[in-house]
Amino acid sequence: MSFFDVLRLAMRNLREAKLRVVLTTLGVVVGVAVIVTMVSFGLGLQRNTVSRFKALDLFNEVTVYGRNIASLVAAQFNQRSQPGEGSERREEGNRNSRRGKPSERSLDDAALDEIARIPGVAYVEPNLTFSAYVRTNNRALQQQIGGARVPNAASRFQNFAAGRMLDEGTAGEAVVDENFLRAFDYKQASDAIGQEIQLLAPRERAGARADENSDRTNEDARARRNDDVSRGANENEEEDSEGLSFFGLPLEGDDASNKQDENLAGQTFRIVGVLKDELSKEDGGGSRRFRGLMPPANIYIPLDDGRRWVATNRGMMDEVALRLARESGALKENESLGYNSATVRVTDPVVMNDVVKRLDEFGFNSFGIFSQLDQIRTFFLIINAALGLLGGISLLVASLGIANTMIMSILERTREIGIMKAIGAEDREIKMIFFVEAGVIGLAGGVAGSLLAWGIDAVANRLAYEFFLKPQGASYVDFFALPPYLWLGAILFAVVVSIVAALYPAARAARIDPVKALRHD
């Protein structure tokens, strides 16, 4: 018999037992639908997770760490510890140091230029952030301040709600973000352009900081303020001597203003740009406002101004660590400590591994989210395998139903099988009939199960949006991923399982003795 004759005979046999075939096919439909739905959910989680990381622009950047004061002090005193009991502790510390791969070099300007020359590096941005009280628009609040190179190619400084980026060679300029506007009650971004902000510090530290460079940098800003830091106390005394009082008593407001100027001084900057928030909860940003690994800040000032401010207003613990490092010889008097970290952006994520290897050769430690991508994929591979295994249990149960259907078909068609063998049908052809019947059941169940899974995914996405996402103001999210290879693989898997389930019934049918079969009622 030709294959088409076998197929026609198999379809006729299936039509004669419609109810049994339908019930068996439904078992396959449910099994395939469960497999496709559960695996598509796992694939959807993987796709959404990776897309969130891509939306945050975390695969194109890596953070490089240089030597810091604390590590210098710890390393120096570990080396100087005495032998004996301390030697064991020193050796343990050395092992931990090697395991953690601490950076061996300072991340100074020369090192940054060396990193920028690595093939595949788009730019290098040193990370300098500090916290300070800022006064503007009749408010004084603590803000996070960052230093920025000028000119700057970082993606952070490409989108502005108003204004522009800092200009090279222009003194006393600052760029703020939209959180700054809300904190200081600026209604619109354009309202903040041209306004002055003052970084506050104790007057004794501000006096020590006021060297020739900082005086020249802030000369124009102080001229606009009518509240020059160096003349604050003298002006207050003149105002008191001129009789700004009521019947000889000083006005309370003037006295409070004088006390404020006597205790605090600072550095003044003029706002020239307002950064636009790049991310929101709908974009997958969560609490993040900007893309990339560069630390966020509310205010950005020129990098040189930021370095001078940090050097002058260093905290007590940092000052002690710096002096210990210099006294111990870990940091020479004329040696610059450099930056704690910097953000390196590559032109293409494909070259990221090569760039990281070069950074390691240079003696720098680095960290990037890209290094976790393989772990993320492995994690979701395990999840998808577990979900597919659970769904496979349903298809296994369906395969038992297929075997039962085929065995019942043998009992009903024993005489027919005997006649076929008596007129010359071979065992191979008898087996092929049962294999085709099982394959048709598997194919029909696989197609119907894939369509059912597609419908379940669509309904589940809509219900999740209507009852969970929409009330919270979130945008629509597709929780399921149904790529072609998934449903095609599910259909093929269903056909294979059905044929495997028909192995025993087909072999049993082929072993029937035609003489006994002809006598069968």
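Just so it is clear, the model here is predicted, and its values are computed rather than measured.

Criteria and cut-off values
- Residues numbered from 1 in each chain as written.
- Predicted model: local features only at pLDDT ≥ 70, side-chain atom pairs only at ≥ 80, totals over all residues.
- Heavy atoms only, no water.
- Helix = DSSP H or I, 4+ residues; strand = E, 2+ residues; numbered from the N terminus.
- Buried < 20%, exposed > 50% of the residue type's maximum accessible area, 1.4 Å probe, protein only.
- Contact = heavy atoms within 4.5 Å.
- Areas by Shrake-Rupley, 256 points an atom, 1.4 Å probe, with all protein chains shown as cover.
- Salt bridge = Lys/Arg side-chain N within 4 Å of Asp/Glu carboxyl O.
- Arc of directions from axis to C-beta.
- Pairing = 2+ DSSP bridges.
- Axes fitted to C-alpha atoms, helices over the stretch in contact; angles between N-to-C directions.
- Phe/Tyr/Trp six-rings, centres within 6.5 Å; stacked < 30°, edge-to-face > 60°.
- Core = buried A, V, L, I, M, F, W, Y, C linked by side-chain atoms within 4.5 Å.
- Left-handed = near helix turned anticlockwise from the far one by under 90°.
- Nonpolar A, V, L, I, M, F, W, Y, C, P; charged D, E, K, R; others polar.
- Patch = residues over 30% accessible without salt bridge, like charges linked within 9 Å, V, L, I, M, F, W, Y side chains within 5 Å.
- Polar contact = N/O pair within 3.5 Å; in protein donor to acceptor, adjacent residues only side chain to side chain.

**Student:** Looking at this structure, I do not really get the overall build of the chain. What am I missing?
**Tutor:** Scanning the chain for helices and strands turns up 21 helices and 13 strands. Here the chain holds 521 residues, and the buried ones make up 42% of them. Counted over contacts in the chain with a minimum sequence separation of 6, partners at least 24 positions apart contribute 82%. A total accessible area of about 28200 Å² is found for the chain, and carbon and sulfur atoms account for 56% of it.

**Student:** How do you make sense of the pattern of salt bridges when you look at a structure like this?
**Tutor:** Side-chain pairing between opposite charges can occur once the charged atoms of the two side chains come close. Throughout the structure, instances matching the rule amount to 14 salt bridges. Salt-bridge contacts for D167 lead to R164; the nearest nitrogen and oxygen are separated by 3.1 Å. Among the residues examined, D167 registers a relative accessible area of 36% and is labelled partly exposed. We note a salt bridge from E361 to R358, for which the minimum N-O separation is 3.6 Å.

**Student:** What is the right way to read helix α13 (residues 303-312) from this model?
**Tutor:** Along an α-helix, residues three or four apart share an orientation, since each turn contains 3.6 residues. When we look at burial in α13, the residues that qualify are L303, D305, G306 and W309. Down the axis, α13 shows its buried residues gathered within 160° of arc, on one side only.

**Student:** What's the story with the sheet that holds strand β1 (residues 61-65) in this structure? I'm lost.
**Tutor:** Strands belonging to one sheet form pairs held by backbone hydrogen bonds; the direction of such a pair is parallel or antiparallel. Taking strand neighbours across the sheet as the criterion, the four strands line up as β2-β12-β1-β13 in an open arrangement whose pairing is antiparallel. In this open sheet, the two edge strands, each paired with only one partner strand, are β2 (121-127) and β13 (365-367). Neighbour to neighbour, the strand axes of the sheet diverge by 25° on average, direction disregarded. The sheet contact formed by β2 and strand β12 (residues 341-346) spans six bridges and is antiparallel. Note that in β12 the partner of V124 across the bridge is V344.

**Student:** Sorry, what's going on with unusual backbone geometry here?
**Tutor:** With the exception of glycine, most residues fall at negative phi, and the peptide bonds are largely trans. P151 follows V150 through a cis peptide bond whose omega is -5°. Relative to the helices and strands, P151 resides in the loop between β4 (139-148) and β5 (160-163). For N138, which is not glycine, the phi dihedral falls at a positive 65°. Within the secondary structure, N138 is located in the loop between β3 (129-136) and β4. For N138, a relative accessible area of 81% translates into the label exposed. In this structure, D185 takes a positive phi of about 60° despite not being glycine. Tracing the chain through its elements places D185 in the loop between α6 (178-183) and α7 (189-192).

**Student:** Just checking my understanding: could you explain the packing of aromatic side chains for this structure?
**Tutor:** To describe a pair of aromatic rings, one takes the distance between the centres and the angle between the planes. Using the criterion set out here, one finds seven aromatic pairs in the structure. Look at F180 and Y186: their rings are 6.3 Å apart centre to centre, the planes differ by 20°, and that puts the pair in the stacked class. Note on Y186: relative accessible area 9%, which makes it buried. Both rings, one in F379 and one in F380, keep their centres 5.3 Å apart while their planes meet at 75°; by these two values the pair is edge-to-face. For F379, a relative accessible area of 48% puts it in the partly exposed group. For F380, a relative accessible area of 6% gives the class buried. Put simply, the rings of F180, F184 and Y186 touch in pairs and so form one group of aromatic residues.

**Student:** It is not clear to me how the nonpolar core should be interpreted in this structure. Could you clarify?
**Tutor:** One recurring pattern in soluble globular proteins is that nonpolar side chains are buried together. Within the largest apolar cluster, 37 residues are counted, with the highest numbers of intra-cluster contacts made by V28, V32, L395, I402, I430, F434 and I441. Only α1 (3-16), α2 (18-55), α16 (373-412), α17 (414-422), α18 (427-469), α19 (484-501) and α20 (503-510) provide two or more residues apiece to this core. Dropping the residues within four chain positions of it, V28 is found in contact with L395, A398, I402, I441, G442, G445, G446 and A494. Among the nonpolar cores identified, the runner-up in size contains 28 residues, and V62, I115, V121 and F370 belong to it.

**Student:** Help me understand the pairing of β4 in this model?
**Tutor:** Across a regular strand the side chains alternate sides, sitting on one face of the sheet and then on the other. Across eight bridges, β3 lies against β4 in antiparallel orientation. Pairing of T136 across the sheet is with R139, part of β4. Counting the residues in the hairpin turn of β3 and β4 gives two residues, including N137, whose phi is positive at 50°. Pairing of β4 with strand β11 (residues 299-302), which is carried by four bridges, proceeds in the parallel orientation. Counterpart to G146 in the pairing with β11 is Y300.

**Student:** Would you explain the packing of α18 against α20 in this entry?
**Tutor:** Relative orientation and spacing of two packed helices are given, respectively, by the angle between their axes and the distance between those axes. Where α18 contacts α20, the axes come no closer than 8 Å and their chain directions differ by 145°. For the element pair α18 and α20, the recorded crossing hand is right-handed. Side by side, α18 and α20 meet where D427, I430, K431, F434 and F435 of the first sit next to L503, A506, A507, A509 and A510 of the second. Counted by class, the contact of α18 with α20 contains eight nonpolar, no polar and two charged residues.

**Student:** Sorry if this is basic, but what is going on with the side chain of Q143 here?
**Tutor:** Relative to the elements of secondary structure, Q143 occurs in strand β4. Apart from residues lying up to four places away in sequence, Q143 is in contact with F130, S131, A132, V134, F180, A183, F184, N298 and I299.

**Student:** Just to check I follow, could you spell out the packing of α17 against α18 for this structure?
**Tutor:** Between α17 and α18, the least distance of the axes is 10 Å, while the angle of their chain directions is 140°. Read as a crossing pair, α17 and α18 show a hand that is right-handed. Together, I417, M420 and K421 of α17 and D427, I430, I433 and F434 of α18 make up the contact between the two elements. Considered class by class, the residues forming the contact of α17 with α18 number five nonpolar, no polar and two charged.

**Student:** What should I look at first to understand the environment of D191 in this one?
**Tutor:** Its place among the elements puts D191 in helix α7. Put simply, D191 and A162 are 29 residues apart on the chain and 9.2 Å apart in space, counted from C-alpha to C-alpha.

**Student:** Can you walk me through a nonpolar patch on the surface in this structure?
**Tutor:** Residues L19, V22, L23 and L26 make up a contiguous nonpolar surface patch of roughly 400 Å² in combined accessible area. Its location among the elements puts V22 in helix α2.

**Student:** Can you help me understand the side chain of R345 in this one?
**Tutor:** The residue R345 is located in strand β12 in this model. Here R345 falls in the buried class, since its relative accessible area comes to 16%. For R345, the side chain forms a polar contact with the side chain of E61, separated by 3.2 Å. The residues touching R345, leaving out its near neighbours within four places in the chain, are D57, N60, E61, G120, V121, A122, Y123 and S155.

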